[in-house]
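Letter by letter, the chains look like this.
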Amino acid sequence: MQATDRQNEVQHLIEVHGVGKDYQMGDSVVSAIKTMDFFIDDGEFITIVGQSGSGKSTLLSILGGLNHPSRGRVLVDSLDVYGLGSEQRADFRSEYIGIIFQSFQLIPYLTVLENVKLPMAITGIKAGEQDEMARAVLDKVGLADKVARLPDQLSGGEQERVAIARAIVNRPPILLADEPTGNLDSDTATEVMRILQQLNAEGLTIIMVTHNAESCKYARRTIQVKDGSCLSHFTVDHR
Amino acid sequence: MMNYDYDKYRDKRAKVLGVKKRGLGFGALAGLVSMVIVLGLGVAVIPKSIAFFQARHLDDAIYKLQAKTAWPGEVLDDLAGQAGVRSVTAADNGSRIVVTFNRSKTDVHKFSIFFSEHGLQAVLLNKMSHGQRLKMLEKEAHFEAL
Amino acid sequence: MKLYNISFNNLKRRKAKIIFLVSGLLIGIATIVTLLSITDSMSRDIEERLDRFGANIVMVPKSENLALSYGGITVGGVNYAVEEFYEKDLAHIYQIENKKNLGAVAPKVLGAVELQDRDILLMGVDFNIELALKNWWHLIGAPPASADEVIVGSEAAATLQLKSGDKIQLTKDRSFRVAAVLEPTGATEDGIIIGDLHAMQAVLGKDGRISMVEIAAFCRDCPISEMVLQIAEQFPGARVTPVKQAVMSKMQSIELFKSFSYGIAGLVIFIGSLLVFVTMMGAVNERTREIGIFRAIGFRRGHVMQIILLEAMAVGLVSGLLGYGGGNLAAWAVMPWVIPGSSFAGFNLSLGGIAVLLAVSLSLMASYYPARKGSNMDPSAALRVL
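First, a word on scope: everything that follows refers to the structure included in this document. (Residues numbered from 1 in each chain as written. Chains lettered and ligands numbered in written order. Predicted model: local features only at pLDDT ≥ 70, side-chain atom pairs only at ≥ 80, totals over all residues. Heavy atoms only, no water.)

As a packed pair, helix 2 (residues 26–55) of chain B and helix 7 (residues 243–286) of chain C sit with axes 10 Å apart at the nearest point and diverge in direction by 130 degrees. Judged on the interaxial angle alone, helix 7 of chain C and helix 2 of chain B are oblique. For the pair helix 2 of chain B and helix 7 of chain C, the crossing hand works out as left-handed. On the side of helix 2 of chain B, the interface is formed by Val45(B), Ser49(B), Phe52(B) and Phe53(B), while helix 7 of chain C contributes Gln252(C), Glu255(C), Leu256(C), Ser259(C), Phe260(C) and Tyr262(C). For the contact of helix 2 of chain B with helix 7 of chain C, a count of residues per class yields 6 nonpolar, 3 polar and 1 charged. (Axes fitted to C-alpha atoms, helices over the stretch in contact; angles between N-to-C directions. Helix = DSSP H or I, 4+ residues; strand = E, 2+ residues; numbered from the N terminus. Parallel < 35°, antiparallel > 145°, perpendicular 65-115°, else oblique. Left-handed = near helix turned anticlockwise from the far one by under 90°. Contact = heavy atoms within 4.5 Å. Nonpolar A, V, L, I, M, F, W, Y, C, P; charged D, E, K, R; others polar.)

Encoded structure:
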């Protein structure tokens, strides 16, 4: 299916229409996501909450252009994500999406600075500019003094901050975060959430998956997921 | 809630949609070039080695008739049919013949006997390895061409 | 940060695996370099000897040979019916079609005499032609100025305790003065006495007879083979051989060794390449998560392939260079054992270039499928979903 420019039809930065995801388990088909319809506007901070196995991580991977849905459409900035070719979708991820993986997923043999520069390795940005940009985001997350360390020399919270820095270094419009505070103690988790909130205040659209209801207070809106379906959307009042 | 601004990320959208496959990728190019190099080296080496092994047992004996007359055709045909003889070619306007033979199956003594039986006084001018003779002729021809 | 930074950083951290990978290809490359270096040295050794010979063609009397064989194995032969040439017939050499290519025609008479209770070989030559032909001869003394002067080979001089100025009695009524002693040449001249052609013919009782003729052409790659046949036609009773032919039979052994070398090296290289393939497949499987991260953050398939193939290129380059160095070292060490008296001819840079090119190409080819497999991994499956 060709990617189409739907300028007149699209009204939101991200639109999810009738998206579902099925997996083959032996002879039977299991639906990780039955059907979902929602939208996300530019600059929003959204949390997706639900029990373990409710389909929220699958949903996040679909939004990130990483997991082809079995049905439905995902439109991001008018682009039909799964109507793009494979190489176009890789470029889509590079241009539009910053990802914070569960368990950080840092490259163990690259230093903090090199990990943050990783998304820029394919952009053609000159070495000097890469360095400048990477140091700037590390300064923002409070790790300017740890650029030469390897990931296994950092604490959990520090690794999470490196993951955030890597995700935003290319200035993507959308940040996807999968359980960013899942492995952290409460103080560190608070610190991380403060950073995300600050980034959102600067205009970054953030979609965060969490099973922790406490984290929802940082978001503008929460999408509740249960058994592969959107249970509800509700707007959270800022404190 | 912010309204969707279609033009805000126009450049990014253009970059994503503008991706076109431009000829061979690095991987395909690297694979192709390596294969060409390896095959090229193989082609340079293997046929030579095969040719060498095939010609290893062959010698060339060059004869001329003492009477300096031309060689009778039927004698040459007969000689070519002898066991171990690969070929009999005329050289130097027919005054000489080059007998290519398998040295493990026959030798110049048998040829001497053959010529005597046919009443021919043949003089052995030279005997050498077939492969080496071809190499020498090739080198000398190159020199003469210069 | 560029893709090659990722490749090299990965190589730096997996040192043990890389050493293992490099070793596999290195052994194959070193094998072929060693074997080809040895054959190269042997060929150059022969070429140098060939260059030293002033004569390109040797003419000796034809003889009949009775081959001695026992149980199908030839153990030698007995020469009989040897007839020497007449000196007056040598003028026929200048009647060949390619006479313009003739340089020196150096006749010799050979025979043995008894001197100081020893049998010594005498060789009679035309010194004007012979000394011009044998320009590698170095004399301790002056060249013979008359027919009564001789040159003594170094070994003969040592055996007979002769030096320049001494007199020797070759027949009852004829003595000769030693004009010079020949410095060692490593050839048969070292053990003989060399005198004027006609004087030696008289001493040996072979007046007007010639035992062999060395003929030099003006250039090495002239139509020597054709000249040989033309001379043979003039002298039906002679065996005329280009010196190159005799040397080339030795070259044939080297060619055989070379061909076997290719076969062995090909096998070793194949095993090395297989090792690279298997190791790279394992490495790609180990890096599933890492590749998933690359793909998830926007790396295209081509980028992932490039990372893996750059690693393969680096492995190939190192294998090629170390294999070339190691192979030459092995050849240098092994040569004196394999061919006593010979020496390593030195580094062949074109062989080095081919070795590196071959190693890099094989490494790339062996890594292509693993790289492709890695690049085709589904990112979400690779990360086991975000």
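Structure shown, so let's carry the discussion forward.
Now for the interface of chain C and chain A. Across the boundary between the two partners, chain C contributes 27 residues, which contact 33 residues of chain A. In this assembly, chain C packs against chain A so that about 2700 Å² is buried in total across both faces, 61% of it on carbon and sulfur atoms. Our enumeration of links across chain C and chain A arrives at 1 salt bridge. For the salt bridge of Arg300(C) with Asp91(A), the shortest nitrogen-to-oxygen distance reads 2.9 Å. On the surface where chain C and chain A come into contact, there are 6 residue pairs in polar contact (both at pLDDT 80 or more). If you list the elements that add at least two residues to the side of chain C that touches chain A, you get helix 1 (3–13), helix 8 (288–296), helix 9 (301–338) and helix 11 (379–382) of chain C. Sort the elements by how many residues they give to the side of chain C that touches chain A and helix 8 of chain C lands first, with 6 residues. Each residue belonging to the side of chain C that touches chain A can be placed in one class, and the counts come to 12 nonpolar, 6 polar and 9 charged. (Buried area = accessible area lost by both parts, 1.4 Å probe. Salt bridge = Lys/Arg side-chain N within 4 Å of Asp/Glu carboxyl O. Polar contact = N/O pair within 3.5 Å; in protein donor to acceptor, adjacent residues only side chain to side chain.)

Let us now look at the interface of chain C and chain B. Between chain C and chain B, the contact holds 40 residues from the first and 38 residues from the second. Of the roughly 3500 Å² buried at the junction of chain C and chain B (both faces included), carbon and sulfur atoms supply 64%. It is Glu233(C), Met248(C) and Gln252(C) in chain C that bury the most area against chain B; as a group they hold 16% of the surface buried on that side. Our enumeration of links across chain C and chain B arrives at 4 salt bridges. The residue Arg96(B) makes a salt bridge to Glu226(C) at a minimum N-O spacing of 2.9 Å. At the surface where chain C touches chain B, the tally comes to 4 residue pairs in polar contact (both at pLDDT 80 or more). If one sorts the elements of the side of chain C that touches chain B by residue count, helix 7 of chain C sits on top with 9 residues.

Moving on to the pattern of salt bridges. One pass over the structure, following the stated rule, counts 35 salt bridges over all chains. Here Lys140(A) ties to Glu202(A) by a salt bridge, and the two come within 2.7 Å at their closest N and O atoms. You can see Lys140(A) sitting in helix 4 (residues 127–140) and its partner Glu202(A) sitting in the loop between helix 6 (186–201) and strand 8 (205–210), a full 62 residues away along the chain. Owing to a relative accessible area of 37%, Lys140(A) belongs among the partly exposed residues under this scheme. Glu202(A) gets classed as partly exposed once you look at its relative accessible area, which sits at 47%. Residue Lys108(C) pairs with Glu130(C) through a salt bridge whose shortest N-O separation is 2.8 Å. Taken together, the residues span a long stretch of sequence, with Lys108(C) in strand 5 (residues 102–115) and Glu130(C) in helix 3 (residues 127–133) at a distance of 22 residues. In this structure, Lys108(C) and Glu130(C) share a single accessibility class: buried. Put simply, Lys108(C), Glu130(C), Lys134(C), Glu189(C) and Glu214(C) are held in one network by salt bridges that share partners. (Buried < 20%, exposed > 50% of the residue type's maximum accessible area, 1.4 Å probe, protein only.)

What follows deals with the environment of Val356(C). Residue and element names in this part refer to chain C. Within the element layout of this structure, Val356 appears in helix 10 (residues 349–375). Val356 gets classed as buried once you look at its relative accessible area, which sits at 17%. Distance in space between the C-alpha atoms of Val356 and Leu317 is 6.0 Å, their sequence separation being 39 residues. Those residues in contact with Val356 that lie beyond four places of it in its chain are Leu317, Gly320 and Leu321.

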